[in-house]
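# Notes for the structure review
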Amino acid sequence: MASGGLTGGMRGAIVPGRGLPRAFPVSPAPHRMSPRNHRALPALLAALLAPAALAAQSSDARVSAAAGRVAPAMVEVRHQIHQHPELGNREFHTAQLVADHLRALGIEVRTGVAHTGVVGILRGGRPGPVVAVRADMDALPVTENTPYPWKSTDTTTYLGQKVGVAHACGHDVHTVVQMGVASVLAGMRDQLPGTVVFLFQPAEEGSPPGEEGGAKLMLAEGAFTLRPSAVFGLHTFARMDVGRIGYTPGPAMAASDKFMVTIHGRQAHGASPELSVDPVVTAAQVVMALQTIRSRNLSPFEPSVVTVGMIRGGERFNIIPAEVRLEGTVRTFSPATQDTVERRMREILDGITHASGATYTMEYQRTTPVTENNVALAKRMRPTLDRVMGAANVSEIPPTTGAEDFAFFSNAVPGFFYRLGTVKPGTVSGDHHTPTFMADDASIPIGIRVMSDLLLDYLKGGAAQ
Ligand SMILES: [Zn+2]
Ligand SMILES: [Zn+2]
């Protein structure tokens, strides 16, 4: 965002003139046993017959203690980012804050990746694989309506209109969770068997018109130059309580396509339809027929969506217009279904416009591929989730028709993407992308702990599946 810098609300060092915190009190000092760890020693000693279990418990305790130490600072940063959210490709202050934090931890930092992206590389003291972890940083043109004292009242200009800006998808939580993970893992770098690549990504929700951005551009600009053998990511979830984790093995989130159709007819007086080629009637037939792709051309067990979200044509009640424009989205979970939908759309448009004497043009963009959880990787990581969260709090959940550009990363290397419960128990959150979306601060230490343990366990297990 061009205006509305990050000011106020932060304890600790502030860089003069910029209003940005330079560093946070985040040194987790994990090389010595924490008091909590000492108290747990008798129980741990009892497990000496199972050295692997002991090692896991000891590591978990260290991660948990480090996450607990860093979480309060990350909650404060979250409030600050939340209060001053930035739209895609404009995450200037957020990226600066992230980069400063990583540098303060001694992590190698590359900035300006895909406009405002930040890549941090943490090299562990022991040999091991490379693993990547990704958080998105962008907000949405939504006017926030939550009871948070740190809610956003910022506005900006989007598509020529003045709009509110809000973290209505929880990317502020993703950003600070990953900053916290960086703190935890940097604090144990001597013991870290491998390398962690931290991806702080701009524009997950899409770039402004005419601009490229997001995961695809980060990859094009070398985010995976140090090639990881796996990539991890998480997302807040407006329908899951804090303390719970959900994931979907295999296809988890839909491919998102965008179509733009123009139906060309012939303009005439509304009273003389015989002189027209009526694109309104033609468009109406097209809209109805497109729904038969879902119901008649695909298996009932193959999920998909064809939505016409915009229909625009005409200037006056008694004029048949020359053209009508349709725009919409297609959501699918397999390339074969995606191909079928696009082919059937063209056939339906061909047939109906031919019968009407009209013509059409269609631009069909495959925007985001399916977000697929690598089944073997999900299976391998499940014990970590069960151990850290308690098995009763981890569940496999159905796929969602929302899309995620994490898909570009997880198409390049095996990926694991899960949902972090963020609803304060006993309350209700508005859905993602709405003014009343809320993610509870209590999810932040949990997110830090779970992601740190997943990455650690992955590195300790080596890259091989
Ligand atoms: Zn979103
Ligand atoms: Zn999102």
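Residues numbered from 1 in each chain as written. Chains lettered and ligands numbered in written order. Predicted model: local features only at pLDDT ≥ 70, side-chain atom pairs only at ≥ 80, totals over all residues. Heavy atoms only, no water.

### What to know about the coordination of the zinc ion (ligand 2)
The coordination sphere of the zinc ion (ligand 2), as far as protein atoms go, consists of Cys-169 (SG), His-171 (NE2) and His-235 (NE2), spread over 2.1 to 2.5 Å. The sequence pattern describing where the donors of the zinc ion (ligand 2) fall on their chain is C-x1-H-x63-H. Separating the zinc ion (ligand 2) and the zinc ion (ligand 1) is a distance of 3.0 Å, and Cys-169 donates to both of them. With relative accessibility at 0%, the residue His-171 sits in the buried group. (Donors = N, O, S within 2.8 Å, 3.2 Å for Na, K, Ca; no water. Buried < 20%, exposed > 50% of the residue type's maximum accessible area, 1.4 Å probe, protein only.)

### Considering the coordination of the zinc ion (ligand 1)
Coordination of the zinc ion (ligand 1) by the protein is provided by Cys-169 (SG), Glu-205 (OE) and His-433 (NE2), with metal-donor distances spanning 2.0 to 2.2 Å. Of note, the zinc ion (ligand 1) draws all its donor residues from one chain, in the sequence arrangement C-x35-E-x227-H. Residue classification places Cys-169 among the buried residues on the basis of a relative accessible area of 8%.

### Some points on unusual backbone geometry
Across the chain, the bulk of peptide bonds are trans and the bulk of non-glycine residues have phi less than zero. Notably, Ala-114 is not glycine yet its phi reads approximately 55 degrees, a positive angle. Among the secondary structure elements, Ala-114 is positioned in the loop between strand 3 (108-113) and strand 4 (117-123). Positive phi values are uncommon outside glycine, yet Leu-159 reaches one of about 50 degrees. Structurally, the position occupied by Leu-159 is in the loop between strand 6 (155-158) and strand 7 (161-164). For Leu-159, a relative accessible area of 58% puts it in the exposed group. (Helix = DSSP H or I, 4+ residues; strand = E, 2+ residues; numbered from the N terminus.)

### Section: the packing of aromatic side chains
Counted by the stated rule, this structure contains eight aromatic pairs. Ring geometry for Phe-232 versus Phe-416: centroids 6.2 Å apart, planes at 75 degrees, classification edge-to-face. Of the two residues, Phe-232 sits in strand 9 (residues 230-241) while Phe-416 sits in strand 20 (residues 415-423), which places them 184 residues apart along the sequence. Each ring, one from Phe-406 and one from Phe-417, has its centre 4.8 Å from the other, and the planes form 35 degrees; the classification is tilted. Highlighted residues: Phe-406 in helix 10 (residues 406-412) and Phe-417 in strand 20, separated in sequence by eleven residues. Just as Phe-406 is buried, Phe-417 falls in that class too. Against the face of Tyr-148 rests Arg-78, its NZ or CZ located 5.8 Å from the ring centre. Geometry around Phe-237 places Arg-419 over its ring, the cationic atom sitting 4.0 Å from the centre. (Phe/Tyr/Trp six-rings, centres within 6.5 Å; stacked < 30°, edge-to-face > 60°. Lys NZ or Arg CZ within 6 Å of the ring centre and 35° of its normal.)

### What about the pattern of salt bridges?
Under the counting rule described, the total for this entry stands at 17 salt bridges. Residues Glu-404 and Arg-134 are paired through a salt bridge, measuring 2.8 Å at the closest nitrogen-oxygen approach. A residue pair is termed long-range when its members are at least 10 positions apart, and Glu-404 in the loop between strand 19 (394-396) and helix 10 and Arg-134 in strand 5 (residues 126-136) qualify at 270 residues. Judged by relative accessible area, Glu-404 falls into the buried class, the value being 1%. Between Arg-344 and Glu-347 there is a salt bridge, with the nearest N and O atoms lying 2.6 Å from each other. In this pair, Arg-344 and Glu-347 both sit in helix 8 (residues 335-356), three residues apart, roughly one turn of the helix. Classification of Glu-347 by relative accessible area gives partly exposed; the value is 33%. Salt bridges linked by common partners bring Arg-134, Asp-136, Glu-404 and Asp-405 together as one network. (Salt bridge = Lys/Arg side-chain N within 4 Å of Asp/Glu carboxyl O.)

### What to know about the sheet that holds strand 9
Pairing between sheet strands relies on hydrogen bonds along the backbone, with the strands arranged either parallel or antiparallel. One open sheet holds the eight strands; their spatial order is 3-4-8-5-9-20-10-19, and the pairing between them is mixed. The open sheet terminates on both sides in strands that have one partner only, identified here as strand 3 and strand 19. Mean inter-strand twist for the sheet, computed between neighbouring axes without regard to direction, equals 25 degrees. Pairing of strand 9 with strand 20, which is carried by eight bridges, proceeds in the parallel orientation. Looking across to strand 20, one finds that Asp-241 is bridged to Val-423. The strands touched by helix 5 (residues 171-186) are strand 4, strand 5, strand 8 (193-201) and strand 9; relative to strand 8, the strand with the most contacts, the crossing angle is about 155 degrees. (Pairing = 2+ DSSP bridges. Axes fitted to C-alpha atoms, helices over the stretch in contact; angles between N-to-C directions. Contact = heavy atoms within 4.5 Å.)

### So, the confidence of the model for the protein chain
Scored by pLDDT, the protein chain comes out at a mean of 90, with 87% of its residues at no less than 70. Counted against residues more than four places away or in other chains, residues 1-49, with its pLDDT under 50, gives 97 contacts. (pLDDT = per-residue confidence, 0-100.)

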